[in-house]
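Fold and geometry: a report
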Amino acid sequence: MDIKELLNRTDRFAANAGCQITEVDEQHAVAVMTVTEGHLNGGNVCQGGALFTLADLAIAALMNCKGQLTFGISNSLMFVSSARLGDDNGGRSS
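What comes next is a walk through the structure. All figures in this text were calculated on a predicted structure; none of them were measured in a lab.

Definitions and cut-offs
- Residues numbered from 1 in each chain as written.
- Predicted model: local features only at pLDDT ≥ 70, side-chain atom pairs only at ≥ 80, totals over all residues.
- Heavy atoms only, no water.
- Patch = residues over 30% accessible without salt bridge, like charges linked within 9 Å, V, L, I, M, F, W, Y side chains within 5 Å.
- Areas by Shrake-Rupley, 256 points an atom, 1.4 Å probe, with all protein chains shown as cover.
- Salt bridge = Lys/Arg side-chain N within 4 Å of Asp/Glu carboxyl O.
- Helix = DSSP H or I, 4+ residues; strand = E, 2+ residues; numbered from the N terminus.
- Buried < 20%, exposed > 50% of the residue type's maximum accessible area, 1.4 Å probe, protein only.
- Expected span 1.5 Å × (residues − 1).
- Contact = heavy atoms within 4.5 Å.
- Pairing = 2+ DSSP bridges.

**Describing a nonpolar patch on the surface**
Judged by side-chain polarity, Phe-52, Leu-77 and Phe-79 come together as a nonpolar surface patch covering roughly 250 Å² of accessible area. Among the structural elements, Leu-77 can be located in the loop between helix H3 (48-63) and strand S3 (88-93). What makes Leu-77 partly exposed here is its relative accessible area of 36%.

Below, the structure written as structure tokens:
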């Protein structure tokens, strides 16, 4: 089983948030998520934590693609616009 299959099967938090790895190799990883009602905050836009989960899943795929278990210690994310209901979002790590 490769890292894409492993994370899509075992990362329960990401799966419950609607995130899924679609691509991964030693140079990059891509995760996707469609914004649903459950992702919306009080401002009626996607909660930042949901988007961070998407990015975190892509980072995990890239960091672990060689088969050695690793974890991120420090990550940051800059939000440049709001994601809205129905938006298809992609997180890319390279």
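**A short note on H3**
Here H3 is 16 residues long and its end C-alpha atoms lie 22 Å apart, about the 22 Å a rise of 1.5 Å per residue gives. Considered for burial, the residues of H3 that qualify are Ala-50, Leu-51, Thr-53, Leu-54, Ala-55, Leu-57, Ala-58, Ala-61 and Leu-62. Looking at the buried side of H3, the elements it contacts are helix H1 (3-10), helix H2 (12-16), strand S1 (20-24), strand S2 (29-34) and S3.

**Focus on the pairing of S3**
Along S3, the buried face is formed by Asn-89, Gly-91 and Ser-93; none of Asp-88, Gly-90 and Arg-92, which line the opposite face, is buried. The sheet contact formed by S2 and S3 spans six bridges and is antiparallel. Looking at the pairing, Ala-31 lines up with Gly-91 of S3.

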